Amino acid sequence: MTKAKVIGMGHYLPDRVVTNFDLEKVMDTSDQWIKERTGISERRFFDPEKDTVANMAARASLSALEQSGIDIKDIEFIVFATITPDYFFPGSGVLLQRELGLEGIGALDIRNACSGFIYALSVAEQYVKTNTYKNILVVGAEIQSSALEMNDRGRSVSVIFADGAGALILQATDDSDNQGLLSTHLHADGRFAEELFVRDPGSSRKERLTKDMIDDVGIRAHMNGNMVFKHAVVKFQEVIHEALEANQLEIDDIDLLIPHQANLRINQFVQKQLGLGDDQVFNNIMYCGNTTAASIPIAMSEAWDEGKLKAKDLLCIAAFGSGFTWASALIKF
Ligand code: UT7
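Residues numbered from 1 in each chain as written. Predicted model: local features only at pLDDT ≥ 70, side-chain atom pairs only at ≥ 80, totals over all residues. Heavy atoms only, no water.

Considering the nonpolar core
Put simply, the rule reads: Nonpolar core, defined: a set of buried Ala, Val, Leu, Ile, Met, Phe, Trp, Tyr and Cys residues in which side-chain atoms within 4.5 Å join the residues together. Buried means the residue's accessible area, taken with a 1.4 Å probe over protein chains only, is under 20% of the maximum for its type, while exposed means over 50%, and partly exposed covers the values in between. Helix and strand assignments come from DSSP, with helices taken as H or I runs of at least 4 residues and strands as E runs of at least 2, each series counted from the N terminus. Residue ranges for the domains originate in an automatic or database domain assignment. The contact definition used throughout considers only heavy atoms, calling two residues in contact when any of these lie within 4.5 Å.
The biggest cluster of nonpolar side chains holds 39 residues, and the ones touching the most others in it are Phe236, Ile240, Ile251, Ile254, Leu257, Leu274 and Phe320. Sorting the residues of this core by element identifies helix H8 (225–246), helix H9 (264–274), strand E12 (314–321) and strand E13 (325–332) as the ones contributing at least two each. Here this core spans two domains, and each of domain 1 (3–173) and domain 2 (180–332) adds at least three residues to it. In this structure, Phe320 is in contact with Cys114, Ser115, Val228, His231, Ala232, Lys235, Phe236, His260, Thr325 and Trp326, ignoring residues within four places of it in sequence.

In structure tokens form, the structure reads like this:
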């Protein structure tokens, strides 16, 4: 049976480093509060003169391609997860395709926020398993900083989110090399849609965007942080156990867990509940912040570069976020 294996990973972080001390200058917050509540010390913000969601994604994709060793023309399909596209439409998938000079191949956009990358991976996996495409580029990229309200009103959201891009190449393989995606598990509960959302501009109101919507913070992310936190710590564990049970595996079989990077406290709580050691969980939120759909592929690429994710390892990735949506996957390297 055909399976999908990861043959290359890459990431791109914008050059501009924004520390907690930089945020202290523009809002009523402190390095101590941000570190204690979120684990974040610094994050990267894009450069409007240089970075777009699509070109950051392209830089991450080119690194992944280089690692994979395949020719760029061997890419047959793109799945692009982002909730911060360059345009209202079309999606950034086609812009990435243009950046890479891959005119003609399909480009699909995924909008499942923090779980978006695992949703994207799952979609790509189905195309590989059904022998539709052999090599697929799967990307998560976000520019969150241009929508953050850098003042006291926006502080509970603004101190968390950040920009970046990550990519991987999925390739078809037969079962013989014992590598690849073992399974993906996707969930959603739309009853909580408005607990973490950006309302405007939306299509179902008389006018899509008005001055009131801007003044009234409709264009900013609204997050019921406590509620998101409480659901996240439960759903992370559930969906990780679900993946293990589906493959008759135990928690000890996991060599590395890469959780979505939303809050270090969430990840540490989940690690403790699962009984995983410090070397079994990879976090980079301390210096990357929360890059939504980009956080998992950035972390995967960094973990590989740092030798913390290696050949033959069993990797578990898991995410929770807006929707609510949550998801997991097990990948044998
Ligand atoms: O990736 C998408 C998924 N998102 C998440 O998973 C996020 C989950 N939630 C969280 O990470 C946390 O809820 C936050 C980090 C957003 C907030 O932490 P918290 O411990 O839940 O704080 P809180 O919202 O309960 O606020 C505690 C206090 C409040 O003051 P009072 O009412 O106790 O006087 C806030 O006004 O902290 C205040 N506060 C801040 N103080 C300094 C809120 N934001 C800030 C800030 N700096 N940036």
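Considering the sheet that holds strand E6 (residues 135–142)
The strands making up a sheet are joined through hydrogen bonds of the backbone, oriented either antiparallel or parallel. In plain terms, the rule: Only strands that DSSP links by at least two bridges are regarded as paired with each other. Axis definition: a line fitted to C-alpha atoms, over the contacting stretch in the case of helices. Angles run 0 to 180 degrees between N-to-C directions.
As summarised here, the arrangement of the five strands in space is E1-E7-E6-E4-E5, forming an open sheet in which the pairing is mixed. Looking at which strands have only one partner, the edges of the open sheet turn out to be strand E1 (3–12) and strand E5 (106–110). Direction aside, neighbouring strands of the sheet carry axes that sit 20° apart on average. Bridge count for strand E4 (residues 77–81) against E6 is five bridges, and the pairing is parallel. Pairing of Ala81 across the sheet is with Gly140, part of E6. Here helix H3 (residues 53–68) sits on the sheet in contact with E1, E4, E6 and strand E7 (164–173), set at roughly 125° to E1. Contacting E4, E5 and E6, helix H4 (residues 92–100) runs over the sheet at an angle of about 130° to E4.

Remarks on the domain arrangement of the protein
Selection criterion: As a working definition, buried area equals the accessible area (1.4 Å probe) given up by two parts on being put together, with both sides summed. For salt bridges, the criterion is a side-chain nitrogen of Lys or Arg within 4 Å of an Asp or Glu carboxyl oxygen. Under the rule applied, a polar contact is a pair of N or O atoms within 3.5 Å (in protein, one hydrogen donor and one hydrogen acceptor; residues adjacent in sequence only if both atoms are side-chain atoms). Under the scheme applied, nonpolar residues are Ala, Val, Leu, Ile, Met, Phe, Trp, Tyr, Cys and Pro; charged residues are Asp, Glu, Lys and Arg; polar residues are all the others, including Gly.
By domain assignment, the protein separates into domain 1 (3–173) and domain 2 (180–332). The C-alpha-based centres of domain 1 and domain 2 are spaced at 14 Å. Facing 54 residues of domain 1, the contacting portion of domain 2 comprises 51 residues. Interface area lost by domain 1 to domain 2 is led by Met9, Cys114 and Ile118, which between them contribute 17%. Between domain 1 and domain 2 we count zero salt bridges in total. Our enumeration of links across domain 1 and domain 2 arrives at 19 residue pairs in polar contact (both at pLDDT 80 or more). When contributions to the side of domain 1 that touches domain 2 are tallied by element, the ones reaching two or more residues are E1, helix H2 (31–38), strand E3 (42–45), helix H5 (116–129), E6, helix H6 (155–158) and E7. Along the lines of polarity and charge, the residues of the side of domain 1 that touches domain 2 split into 25 nonpolar, 17 polar and 12 charged.

Quick notes on H5
Note the cut-off: Helix span, expected: 1.5 Å multiplied by one less than the number of residues in the helix.
Across its 14 residues, H5 extends 20 Å between first and last C-alpha, which sits within 8% of the 20 Å expected from 1.5 Å per residue. Summarising burial for H5: 10 of the 14 residues are buried, a large majority. Three or more residues of H5 are buried, namely Gly116, Phe117, Ile118, Tyr119, Ala120, Leu121, Ser122, Ala124, Glu125 and Val128. Looking one or two residues past H5, Asn131 carries a phi angle of roughly 60°, positive in sign.

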